[in-house]
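# Reading the structure
What follows is each chain in one-letter form.
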Amino acid sequence: MYSFPRDVILNTKIEDLMVSSDKVAHVQIDNPLEHALLVLIKSGYSAVPVLDLSYRLRGIISTTMIMDTVLGIESFEMEKLTKLKVAEVMNPNVPKLKLDADFMRALGLTINHPFVCIEDNEGLFKGILTRRAIIKLFTKNLHK
Ligand code: AMP
């Protein structure tokens, strides 16, 4: 007998549902803030992963974090966009899971985070799992 949502949770692999790294907009840790803001605005995402040169996850940066940093007491201090690097502004606490983690753990993390970063056993960035992908999966199975 098919038991929803238990079977969906048990049978779903993170790898099958994630957006693979080649399709994920990201910035490098030593990029100037200006570049990160450009990537965020042009991609349309409110937050993206921050990687280092060896493709390891180092944090998450959002438009709000950048705007909050350049917001002075009375005006925007736009020169900070070129002076500061992503490393100085990003949040280093990344919600992340290994590729082979249980899907249930991903479900738990997406309660508080719009996406979870996925890395392999060597710590290399493999992609992200989004709330959208999870809601889509459950909606599809509800209609079965
Ligand atoms: P969604 O559930 O599709 O709305 O995605 C949730 C969040 O995941 C977005 O607001 C972005 O911060 C991030 N995200 C989704 N897709 C991508 C992508 N292709 N590249 C970078 N970030 C993404």
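Look a little higher up for the structure.
For the structure given in this document, a descriptive report is provided here. Worth saying up front: this structure is predicted, and the values here are computed from it rather than measured.

### With respect to the packing of aromatic side chains
- The tally for this structure, following the rule as stated, stands at 1 aromatic pair.
- Their ring planes at 55 degrees and their centres at 6.2 Å tell us that Tyr 55 and Phe 125 sit as a pair that is tilted. Taken together, the residues Tyr 55 in the loop between strand 3 (47-51) and strand 4 (57-62) and Phe 125 in strand 7 (residues 125-130) connect sequence positions 70 residues apart.
- Classification of Phe 125 by relative accessible area gives buried; the value is 2%.

### A closer look at the layout of surface pockets
- The volume enclosed by the largest pocket comes to roughly 360 Å³.
- As for the largest pocket, its lining consists of 16 residues, of which Tyr 45, Ala 47, Phe 115, Ile 128 and Thr 130 are closest to the centre.
- Elements that contribute at least two residues to the lining of the largest pocket include exactly strand 3, strand 7 and helix 7 (131-142).
- If you tally residues by element for the lining of the largest pocket, the top one is strand 3, at 3 residues.
- Residues belonging to the lining of the largest pocket are distributed by class as follows: 11 nonpolar, 3 polar and 2 charged.

### Some thoughts on the pairing of strand 7
- Among the 6 residues that make up strand 7, 5 are buried, leaving the element largely enclosed by the rest of the structure.
- As paired elements, strand 1 (residues 19-20) and strand 7 share 2 bridges and run antiparallel to each other. If you follow Val 19 over to strand 7, its bridge partner there is Ile 128.
- Bridge analysis of strand 6 (residues 115-119) against strand 7 gives 5 bridges, and the strand direction is antiparallel. Its bridge partner lying in strand 7, Cys 117 is registered against Ile 128.
- Where strand 6 folds back on strand 7, the antiparallel hairpin that results is connected by 5 residues, among which Gly 123 adopts a positive phi of roughly 85 degrees.

### Details of the pairing of strand 4
- Most of strand 4 sits inside the fold, with 5 of its 6 residues counted as buried.
- Both strand 3 and strand 4 contribute to a ladder of 5 bridges, which runs antiparallel. Residue pairing for strand 4: Val 48 is matched across the bridge by Ile 61.
- Taking the residues between adjacent antiparallel strands as the criterion, strand 3 and strand 4 are bridged by 5 residues, where Tyr 55 takes a positive phi near 65 degrees.

### Topic: helix 7
- Between its first and last C-alpha, helix 7 extends 16 Å over 12 residues, near the 16 Å set by a 1.5 Å rise per residue.
- Within helix 7 the residues assigned to the buried category are Ala 133, Ile 134, Leu 137, Phe 138 and Asn 141. The buried residues of helix 7 occupy an angular sector of 130 degrees when the element is viewed end-on, so they sit on one face. Exposed residues lying more than 90 degrees from the buried face of helix 7 are Arg 132, Ile 135, Lys 136, Lys 140 and Leu 142.
- On the buried face of helix 7, the contacting elements are helix 1 (6-11), helix 2 (14-17), helix 6 (103-112) and strand 7.

Conventions we followed
- Residues numbered from 1 in each chain as written.
- Predicted model: local features only at pLDDT ≥ 70, side-chain atom pairs only at ≥ 80, totals over all residues.
- Heavy atoms only, no water.
- Phe/Tyr/Trp six-rings, centres within 6.5 Å; stacked < 30°, edge-to-face > 60°.
- Helix = DSSP H or I, 4+ residues; strand = E, 2+ residues; numbered from the N terminus.
- Buried < 20%, exposed > 50% of the residue type's maximum accessible area, 1.4 Å probe, protein only.
- 1 Å grid on protein atoms, 1.4 Å probe; cavity = no way out; pocket = protein on both sides within 12 Å on 5 of 7 lines; lining within 4 Å.
- Points joined across faces, edges and corners; volume = space filled by probe spheres on them.
- Nonpolar A, V, L, I, M, F, W, Y, C, P; charged D, E, K, R; others polar.
- Pairing = 2+ DSSP bridges.
- Expected span 1.5 Å × (residues − 1).
- Arc of directions from axis to C-beta.
- Contact = heavy atoms within 4.5 Å.

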